[in-house]
Amino acid sequence: MPSVYKAIAFRAQPVVPWSCWELGHRMNWLQSAAEKFREKRIRRLIARKSMIDPVRAGNLLRLAQRIEEESIPGDVVECGVYRGGSAATMARVATHSTLNRTVWLFDSFQGMPPVTEVDGAGAQDWVGALAYDARKVAKLLKRTGVNMSRVRIIEGFFADTFPTVNIPQIALLNVDSDWYESVKICFEKFYDAVAPGGFVSIDDYGTWPGCRLAVDEFFTKRGLTHKIIAVDNTASWFRKD
Ligand SMILES: C[S@@+](CC[C@H](N)C(=O)[O-])C[C@H]1O[C@@H](n2cnc3c(N)ncnc32)[C@H](O)[C@@H]1O
């Protein structure tokens, strides 16, 4: 083609040289890149507000997804919230469930309660630590896209707050309250409400001897045979059959 025609052809190109399909494709790509960026930011924020590491957080997320995929009915309950990292991980999924779920979060927010002898060496050093503000937990949940109309934050020591609630069915129970007495009361209050096929996660089964003892004693007393699966050397979980 003579160069003068080439120049005319070049100038005749549309201002936006993309077809509608190309434009749509590029918009989708931009949207998904923005979504990925937002998701990464939220996960980083949650990680900063949690004592659990990415492996344990990943396991909790997986359990929260499984109760959706398998339509396990019931609420999600966490005992031991602290700054809300693990709560946000589960609530981001559970509060958008098509099933009618509520997410219950229990903590004194006044620091770790007194220990007993079975809690082992080093436990005493934590008494009074980990106090936090429940309003900041609510703020974190909102920022991470949780539907707050489906969340109940119940502030106070378990012995005082548990008798005030009735949760008939639980799909996922996360026990992250460390001490023998705290873990024992969680199992006594909530185990029976866990639905068949529902999950129980125990964050400190491998770390704190009092926690392990409370769970093992409960299993023995009730003749339970659920297989307890280790996530890492700290957390474990089981499925209620
Ligand atoms: C290890 S922290 C929870 C960590 C949290 N799940 C996270 O993602 O980082 C343990 C929490 O359990 C709470 N806790 C322990 N025993 C309790 C009890 N008897 N009553 C109320 N809260 C208790 C403490 O206040 C503390 O915030």
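Residues numbered from 1 in each chain as written. Predicted model: local features only at pLDDT ≥ 70, side-chain atom pairs only at ≥ 80, totals over all residues.

## Quick notes on the overall build of the protein
Next up, step 1: Across its full length, the protein holds 8 helices and 7 strands.
Next up, step 2: For the protein, the C-alpha radius of gyration of 24 Å lies well beyond 18 Å, the compact-globule estimate for 241 residues.
Next up, step 3: In terms of its C-alpha atoms, the protein occupies a principal-axis envelope of roughly 95 × 35 × 35 Å. (Helix = DSSP H or I, 4+ residues; strand = E, 2+ residues; numbered from the N terminus. Rg over C-alpha atoms; globule rule 2.2 N^0.38 Å.)

## With respect to the sheet that holds strand E6 (residues 229-230)
Next up, step 1: The sheet built from 7 strands is open, its strands ordered E3-E2-E1-E4-E5-E7-E6 with mixed pairing. Both outer strands of the open sheet, strand E3 (151-155) and E6, are each paired with one neighbouring strand and no more.
Next up, step 2: Along the sheet, helix H4 (residues 85-94) makes contact with strand E1 (75-79), strand E2 (103-107), E3 and strand E4 (170-175), crossing E1 at roughly 175 degrees. (Pairing = 2+ DSSP bridges. Contact = placed C-beta atoms within 7 Å. Axes fitted to C-alpha atoms, helices over the stretch in contact; angles between N-to-C directions.)

## Let's talk about helix H8 (residues 209-222)
Next up, step 1: In this model, H8 (14 residues) spans 20 Å end to end at C-alpha, consistent with the 20 Å of a helix rising 1.5 Å per residue.
Next up, step 2: Restricting attention to buried positions, one finds in H8 the residues Gly210, Cys211, Arg212, Ala214 and Val215.
Next up, step 3: In the core, the buried residues of H8 are packed alongside helix H7 (180-190) and strand E5 (194-202).
Next up, step 4: Once H8 finishes, Gly223 follows within two positions and takes phi at roughly 65 degrees, a positive value. (Expected span 1.5 Å × (residues − 1). Buried ≥ 20, exposed ≤ 12 C-beta atoms within 10 Å, placed from the backbone.)

## Examining the nonpolar core
Next up, step 1: In this structure, Met90, Ala91, Leu172 and Val183 are the most contacted members of the largest nonpolar core, which totals 56 residues.
Next up, step 2: Take this core: its biggest share by element is 6 residues, from H4.
Next up, step 3: Beyond its immediate chain neighbours, meaning those up to four positions away, Met90 contacts Leu60, Ala64, Val76, Glu78, Val103, Leu172 and Asn174. (Core = buried A, V, L, I, M, F, W, Y, C linked by C-beta atoms within 7 Å.)

## What to know about the domain arrangement of the protein
Next up, step 1: Here the protein is described as being made up of domain 1 (17-48) and domain 2 (51-239).
Next up, step 2: Inter-centroid distance (C-alpha atoms) of domain 1 to domain 2 is 33 Å.
Next up, step 3: Tallying the contact residues gives 4 residues for domain 1 and 7 residues for domain 2.
Next up, step 4: Split into classes, the residues belonging to the side of domain 1 that touches domain 2 amount to 4 nonpolar, no polar and no charged. (Domains from an automatic or database assignment. Nonpolar A, V, L, I, M, F, W, Y, C, P; charged D, E, K, R; others polar.)

## Here we look at unusual backbone geometry
Next up, step 1: Look at Ser71: it is not a glycine, yet its phi comes out positive at around 50 degrees.
Next up, step 2: Structurally, Ser71 is set in the loop between helix H3 (54-69) and E1.
Next up, step 3: Assessed through the 11 C-beta atoms surrounding it within 10 Å, Ser71 is described here as exposed.
Next up, step 4: Despite not being glycine, Asp178 has its phi angle at roughly 65 degrees, a positive value.
Next up, step 5: By secondary structure assignment, the location of Asp178 is in the loop between E4 and H7.

## Description of the environment of Thr98
Next up, step 1: By secondary structure assignment, the location of Thr98 is in the loop between H4 and E2.
Next up, step 2: Under the C-beta neighbour-count criterion, Thr98 is labelled exposed, with 7 such atoms within 10 Å.
Next up, step 3: Taking the C-alpha atoms as reference points, Thr98 and Thr207, 109 residues apart in sequence, are found 36 Å from one another.

## What to know about the pairing of E4
Next up, step 1: Most of E4 sits inside the fold, with 6 of its 6 residues counted as buried.
Next up, step 2: Two elements, E1 and E4, share 5 bridges in a ladder whose sense is parallel. Looking across to E4, one finds that Cys79 is bridged to Val175.
Next up, step 3: Two strands pair when backbone bridges link them, and E4 and E5 are joined in this way by 5 bridges, in the parallel orientation. Following the sheet pairing, Ile170 is matched in E5 by Val194.
Next up, step 4: Between E4 and its parallel partner E5, the chain crosses via H7, and the hand of that crossover is right-handed. (Right-handed = clockwise from strand over helix to strand, strands pointing away.)

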